[in-house]
Amino acid sequence: MLLTIGFASCSPNNVTIDNSLEKFFTDNGVKGTFGIYNNGTNEFTIYNLSRFKDSAYLPASTFKIVNSLIGLETGRISDEKMIIKWDGITRPIADWNKDLTMEQAFKVSAVPYYQEVARRIGKDTMQSWLDSLGYASRYTTAKIGMIDTFWLDNSIKITADEQVGLVKKLYFDQLPFQKRSMRIVKDVMVMEKNSNYTLAYKTGWGTAENGNALGWIVGWVEENNHQYFFALNIDGPQDTTKPEVRMTILKDILNQLGFLKGKM
């Protein structure tokens, strides 16, 4: 039985379209969508609804959420402290060029670490889990190509709506994994935590089929024990769009919507 990841409940009755958010995309020279789901009220605030619900893109490093869960569940990752040795290949991102724990690899989005995890999981096991989750399958069945690049090379695609559904189900332990596996992944997703809020997310950066740079941030923000689940998706010219623009847009949007102040 497939596990539906996306929000089928996204309807005109519980969606507020906020076109004021467009300026954060245009000011940074990108197109995109943003949606946030208020778990307490079952309401969405969305910019660019059609892209949010109906346009699917490679997950890039947001797939590390699922890769981590499957790795932990199958024992290919023992825990967040498991080290995979650096292969000695020098890559442009300095933080990747050393031995890393799972937690460190997740935080710095180390592709080589998770490529090795995927190889250890194996194609058949990975495909079985994707099929069971219904991951990236809203419009087409997600089929693995190369086991260590399929989330980067447009072999599978996911919508922002599905991304929100995934992180919501993860937060509430509603995915078909042991609670230990989900707890570990939830813990490593926490990037900011203070007296006002907790911000947990995973970024992604890749190249879309049209050659554009494609970026994601998916996760949740929690304030005063209230949970809000979000997905940001952007794309723009490869030669001008930088990964840093994702966080700029996310923080600007969250601030405009009243978050990060401990008042929500």
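Residues numbered from 1 in each chain as written. Predicted model: local features only at pLDDT ≥ 70, side-chain atom pairs only at ≥ 80, totals over all residues. Heavy atoms only, no water.

### Brief notes about helix α7 (residues 160–171)
The terminal C-alpha atoms of α7 lie 17 Å apart, and with 12 residues this matches the ideal 16 Å at 1.5 Å per residue to within 8%. With 12 of 12 residues buried, α7 is to be regarded as a mostly interior element. Those residues of α7 lying buried are Ala160, Asp161, Glu162, Gln163, Val164, Gly165, Leu166, Val167, Lys168, Lys169, Leu170 and Tyr171. Where α7 terminates, the next one or two residues include Asp173, which has phi positive at roughly 55°. (Helix = DSSP H or I, 4+ residues; strand = E, 2+ residues; numbered from the N terminus. Expected span 1.5 Å × (residues − 1). Buried < 20%, exposed > 50% of the residue type's maximum accessible area, 1.4 Å probe, protein only.)

### Here's the deal with the environment of Leu152
Position of Leu152 relative to the elements: it lies in the loop between α6 (123–133) and β7 (158–159). When its relative accessible area of 24% is taken as the criterion, Leu152 is described as partly exposed. Beyond its immediate chain neighbours, meaning those up to four positions away, Leu152 contacts Leu58, Ala60, Val111 and Gln115. (Contact = heavy atoms within 4.5 Å.)

### Observations regarding helix α9 (residues 244–256)
Here α9 contains 13 residues, and its C-alpha end-to-end distance of 19 Å stays within 8% of the 18 Å for a straight helix at 1.5 Å per residue. Of all the residues in α9, the buried ones are Val245, Arg246, Ile249, Leu250, Ile253 and Leu254. The arc that holds every buried residue of α9, seen down its axis, measures 155°, which confines them to one face. The inward-facing, buried residues of α9 contact α1 (22–26), β2 (31–38), β9 (198–207), β10 (213–223) and β11 (226–236). Positive phi shows up at Gly258, right after α9, with a value of about 100°. (Arc of directions from axis to C-beta.)

### Points about the packing of aromatic side chains
How two aromatic rings sit relative to each other is set out by the distance from centre to centre and by the angle between their planes. Taken as a whole, this structure holds 16 aromatic pairs when the rule is applied. Aromatic side chains Tyr37 and Phe44 sit 4.9 Å apart centroid to centroid with 50° between the ring planes, which places their arrangement in the tilted category. Arranged with centres 5.5 Å apart and planes meeting at 20°, the rings of Phe63 and Trp151 form a pair that is stacked. Of this pair, Phe63 sits in the loop between β4 (56–57) and α3 (64–74) while Trp151 sits in the loop between α6 and β7, placing them 88 residues apart in sequence. An identical accessibility class is assigned to Phe63 and Trp151; each is buried. A network of ring pairs unites the aromatic residues Phe63, Tyr135, Phe150 and Trp151 as a single cluster. Across the ring face of Tyr171, the terminal group of Lys186 is positioned such that the distance to the ring centre comes to 6.0 Å. Over the ring of Phe106 we find Lys202; its NZ or CZ atom is 5.7 Å from the centre of that ring. (Phe/Tyr/Trp six-rings, centres within 6.5 Å; stacked < 30°, edge-to-face > 60°. Lys NZ or Arg CZ within 6 Å of the ring centre and 35° of its normal.)

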